[in-house]
Amino acid sequence: MSKQKWFEELSAVLPAHTVKLDEPLSLHTITRMGGPADVFVSPDSQAQAIVVINYAAQYNIPLLLLGNGSNMVVRDGGVRGIVLQLTKLREITITNTHVYAESGAAIIDVSKLAAKEGLTGLEFACGIPGTVGGAMVMNAGAYGGEIQDVIKQCTVVTPQGELLVLKKEDLDLGYRTSVISKKGYFVLSAEFELSYGEQVHIDEKIADLTHQRTSKQPLEYPSAGSVFKRPPGYFAGKLIQDSELQGKGFGGAEVSTKHAGFIVNKDNATATDYIKTIQLVQSTVKEKFGVDLELEVKIVGEEVK
C-alpha cells in the first residue's frame, strides 16, 4: 500500500486533525531538525493510539514512536512508514503516594506536580526534557536518581498490538535501557510509587537541581540533550573537553562551549551537520583516549536521496 492509502484509511477511523501526510518532523523535534514522515499521527487518546499500532501491525508498516523528540535525531530524508506521537496523552493523577501519568506527559511536569503534593523521589527528573514514555524506554536518570528507583508498573502495547502491564521486575531496567527499548514496546502510561517528604527539603532540592541545569546546560540553543552515554570509568563531557572539541562542528551544529556533552543547533543546522559532528567527536575521542563513545541519542530516518 502507498502512504496515501495509509493516510486515507487512518483518516477514516481517526479524527482528521490527528493524521497528516508528509509532515516535517523538524516541527516535532527539540533539535528543530528532520525530514518528513510519510504519515504522522498524533492521537487524542490511548484508544486511538492502539488503533494506529494495530493498523501498522496488520499491514506490516514500519511504525516509529517519536515522543517529544528530545532525545532523537531524525535524518534529513525523513521517516518511511508511520510516525506516532503521543504528546497529547498527558493526564497526571496523584492519589496519596501513587502517581499515574500518561506517556505523553512531560516528566518535568510529573516531577514538579509530585513535589507540590509533598512527595519525594522524583526530584531528579525536574530537568529531564523528555516525556514519561521516553523516560521509561531509556530508564532516564540525572543527579543520582533513575526511573527504576520510583517506578511501580508500566502499561505498554507490543508491536503486535497486545496490551501488557509490566511490573518493575518485568521492565529489565538498566543504564539507559529497558525491556521496552529491547522489544520495541509502545508505552501508554506509567505508575510511580513515591513517599512523603518535608516540603522545604523537596523545594530546596528542586531549586538546586534546576539551578544546576540552567547554569551548566546550553538551554539557549536547540539540542538533543546529552549525546553520549557515560563510558565506564570516564565522563563523556570531560573526554570531549580534553579533546579540545568545544566550538567545533559542521554547518550550524557545534559541540557546546558551555557543556561539552551537548551538541547544539546553533545556526539552522541540518541533521547531516549534527550527525557529522557526532562522528567527529567519536573519532577524535577514540584517537586521543582509545574510548568508544556510545550514543545516548537515537538516530532514525533516511539520508536525503
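Note that the structure is predicted; figures quoted are calculated from it, not measured. (Residues numbered from 1 in each chain as written. Predicted model: local features only at pLDDT ≥ 70, side-chain atom pairs only at ≥ 80, totals over all residues. Heavy atoms only, no water.)

Observations regarding the pairing of strand β6 (residues 92-95)
Point 1. Where β6 and strand β7 (residues 98-102) come together, four bridges link them in antiparallel fashion. Considered in β7, the bridge of threonine 93 is made with tyrosine 100.
Point 2. The turn joining β6 and β7, which pair antiparallel and follow one another in sequence, is formed by two residues; a positive phi near 55° is taken by asparagine 96. (Pairing = 2+ DSSP bridges. Helix = DSSP H or I, 4+ residues; strand = E, 2+ residues; numbered from the N terminus.)

Thoughts on the UniProt feature "domain: FAD-binding PCMH-type" (unreviewed entry) in the protein
Point 1. In the UniProt entry, the feature "domain: FAD-binding PCMH-type" (unreviewed entry) is given for residues 33-232.
Point 2. Across residues 33-232 one finds 26% helix and 30% strand; the C-alpha atoms that close the span lie 31 Å apart. (UniProt positions renumbered as here; feature names shortened; annotations may be inferred.)

Some details on the domain arrangement of the protein
Point 1. Structurally, the protein comprises domain 1 (3-85), domain 2 (92-214) and domain 3 (218-300).
Point 2. Computed from C-alpha coordinates alone, the two centres of domain 1 and domain 3 are separated by 28 Å.
Point 3. For the pair domain 1 and domain 3, the summed buried area comes to about 1300 Å², and 58% of that belongs to carbon and sulfur atoms.
Point 4. The largest contributions to the domain 1 side of the interface with domain 3 come from Met33, Asn71 and Val73, which together make up 42% of the buried area.
Point 5. Inspection of the region where domain 1 meets domain 3 yields zero salt bridges.
Point 6. The leading source of residues in the side of domain 1 that touches domain 3 is strand β4 (residues 72-74), at three residues.
Point 7. Of the residues belonging to the side of domain 1 that touches domain 3, the class tally is seven nonpolar, three polar and three charged. (Domains from an automatic or database assignment. Buried area = accessible area lost by both parts, 1.4 Å probe. Salt bridge = Lys/Arg side-chain N within 4 Å of Asp/Glu carboxyl O. Nonpolar A, V, L, I, M, F, W, Y, C, P; charged D, E, K, R; others polar.)

So, the UniProt feature "active site" (unreviewed entry) in the protein
Point 1. Per the UniProt record, "active site" (unreviewed entry) is annotated on Arg176, Ser226 and Glu296. Annotated residues spanning 121 residues; largest pairwise C-alpha distance 11.8 Å, indicating a single compact cluster.
Point 2. Counting through the fold element by element, arginine 176 comes out in the loop between β12 (163-167) and α5 (179-183).
Point 3. If we ignore the near neighbours within four places in the chain, the residues touching arginine 176 are Met138, Asn139, Ala140, Gly141, Glu146, Lys229 and Glu296.
Point 4. Within the local environment of arginine 176, its side chain forms a polar contact with the backbone oxygen of asparagine 139, the two atoms lying 3.3 Å apart.
Point 5. Among the secondary structure elements, serine 226 is positioned in strand β15 (residues 223-226). (Contact = heavy atoms within 4.5 Å. Polar contact = N/O pair within 3.5 Å; in protein donor to acceptor, adjacent residues only side chain to side chain.)

Considerations on the sheet that holds strand β1 (residues 19-24)
The strands making up a sheet associate through backbone hydrogen bonding, with each pair oriented either parallel or antiparallel.
Point 1. Read from one edge of the open sheet, four strands run β1-β2-β5-β3, paired in mixed fashion. Lying at the two open borders of the sheet, with one neighbouring strand each, are β1 and β3 (63-65). Between one strand axis and the next, the sheet turns through 35° on average, direction left out of account.
Point 2. Both strand β2 (residues 36-41) and strand β5 (residues 79-84) contribute to a ladder of four bridges, which runs parallel. Paired with phenylalanine 40 across the bridge in β5 is valine 83.
Point 3. Contacting β1, β2 and β5, helix α1 (residues 3-13) crosses the sheet at an angle of about 140° to β1.
Point 4. Across the sheet, helix α2 (residues 46-58) is in contact with β2, β3 and β5; its angle to β5 comes to roughly 150°. (Axes fitted to C-alpha atoms, helices over the stretch in contact; angles between N-to-C directions.)

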